[in-house]
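# Inside the fold
Single-letter residue listing:
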Amino acid sequence: MKAKELMDKKFVYISPEDSVKDVSITMEKIRRFTCPVVDENRHLIGWVTSFEITKGLREGNDKIKEIMSSYEEITTINENAPSRLAVIETANNKFVTVPVLNDDNQVVGMIRSCDIVELLSALYDIKVYKLYVAMCKQLKGVTWDELMAAAAIVSKRATGKKVKPEDYEATIREATFGEAIWATKGLENFFAGLISVGELVIARKVGKARK
């Protein structure tokens, strides 16, 4: 996924000549904590946060240009860059918003922490069953029954509890991705399990072909 696929294209931008008071009203109305400051061609030249607005009002500043952060202080991402880079920047630096620019340095969107949380929430609600369906499609020549049989074996190795393929299938039809991560004690363990299933089902397929 690219940044432009995750970004919010409906955003408000302001001018360095706008008054601090007017911008404070706008930000309150749209319920935003940050706003990009642009020139007449929508090139990013600065950044304003609600904290800077509050300070500016308290200290009697008139124009946005008097309180905004400079372009050099802003972390941005190109619209064609992987969206994961914005997620990493947001997490590592506790950013609320990361502006998205095109190749002409124009602001074309915003990636907000709330958008990232919404995306991850949707991901966590995906049924594990759908992940196995996608996996089965990628493993050419492997049937669904063969995949479930291999998954049941891997599950027994991990938990010590024997489970029938049909029972394993029933479980993954109900379990979500988020629940599976918790159950396997981490994202790494979950995907390591999927890899093990893939390796085993292929090995069993090859073994049958040689007989």
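To be clear, the structure that these remarks concern was listed above.
About the criteria used
- Residues numbered from 1 in each chain as written.
- Predicted model: local features only at pLDDT ≥ 70, side-chain atom pairs only at ≥ 80, totals over all residues.
- Heavy atoms only, no water.
- Axes fitted to C-alpha atoms, helices over the stretch in contact; angles between N-to-C directions.
- Helix = DSSP H or I, 4+ residues; strand = E, 2+ residues; numbered from the N terminus.
- Parallel < 35°, antiparallel > 145°, perpendicular 65-115°, else oblique.
- Left-handed = near helix turned anticlockwise from the far one by under 90°.
- Contact = heavy atoms within 4.5 Å.
- Nonpolar A, V, L, I, M, F, W, Y, C, P; charged D, E, K, R; others polar.
- Buried < 20%, exposed > 50% of the residue type's maximum accessible area, 1.4 Å probe, protein only.
- 1 Å grid on protein atoms, 1.4 Å probe; cavity = no way out; pocket = protein on both sides within 12 Å on 5 of 7 lines; lining within 4 Å.
- Points joined across faces, edges and corners; volume = space filled by probe spheres on them.

At a minimum axis distance of 10 Å, the contact between helix α2 (residues 20–30) and helix α3 (residues 50–59) shows a crossing angle of 140 degrees. If you check the angle between α2 and α3, you find them oblique. Crossing handedness for the pair α2 and α3: left-handed. Every residue of α3 that contacts α2 at V20, K21, V23, S24 and M27 is listed here: S50, I53, G56 and L57. Across the contact of α2 with α3, the residue classes tally to five nonpolar, three polar and one charged.

Now for the side chain of T176. Structurally, T176 is set in the loop between α8 (165–174) and α9 (177–183). With relative accessibility at 13%, the residue T176 sits in the buried group. Once you skip the residues sitting within four places of it in the chain, T176 turns out to touch Y124, D125, I126, K127 and V128.

This part takes up the layout of surface pockets. Of the voids in this model, the largest pocket is the one considered here, and its volume is about 680 Å³. Taken together, 23 residues make up the lining of the largest pocket; nearest its centre are S155, T159, Y168, A183 and T184. Elements represented by at least two residues in the lining of the largest pocket include exactly α6 (128–138), α7 (144–159), α8, α9 and α10 (187–210). For the lining of the largest pocket, the per-class residue count stands at 14 nonpolar, six polar and three charged. Taken as a whole, the second largest pocket spans an internal volume of roughly 250 Å³. Lining the second largest pocket are 16 residues, with T34, W47, T49, F95 and T97 positioned closest to its centre. Sorting the residues of the lining of the second largest pocket by element identifies β2 (44–49), α3 and β5 (97–101) as the ones contributing at least two each. With three residues, α3 is the single largest residue contributor to the lining of the second largest pocket. Considering only residue class, the lining of the second largest pocket consists of seven nonpolar, six polar and three charged.

Let us look at empty space enclosed by the protein. Evaluated as defined, the whole model comprises one cavity of 30 Å³ or more. Taken as a whole, the largest cavity spans an internal volume of roughly 40 Å³. Forming the walls of the largest cavity are F11, V12, I30, R32, T34, C35, P36, T97, M110 and R112. Mapped onto the lining of the largest cavity, the elements with two or more residues apiece are β1 (34–38) and β6 (107–112). Top contributing element to the lining of the largest cavity by residue count: β1, with three residues.

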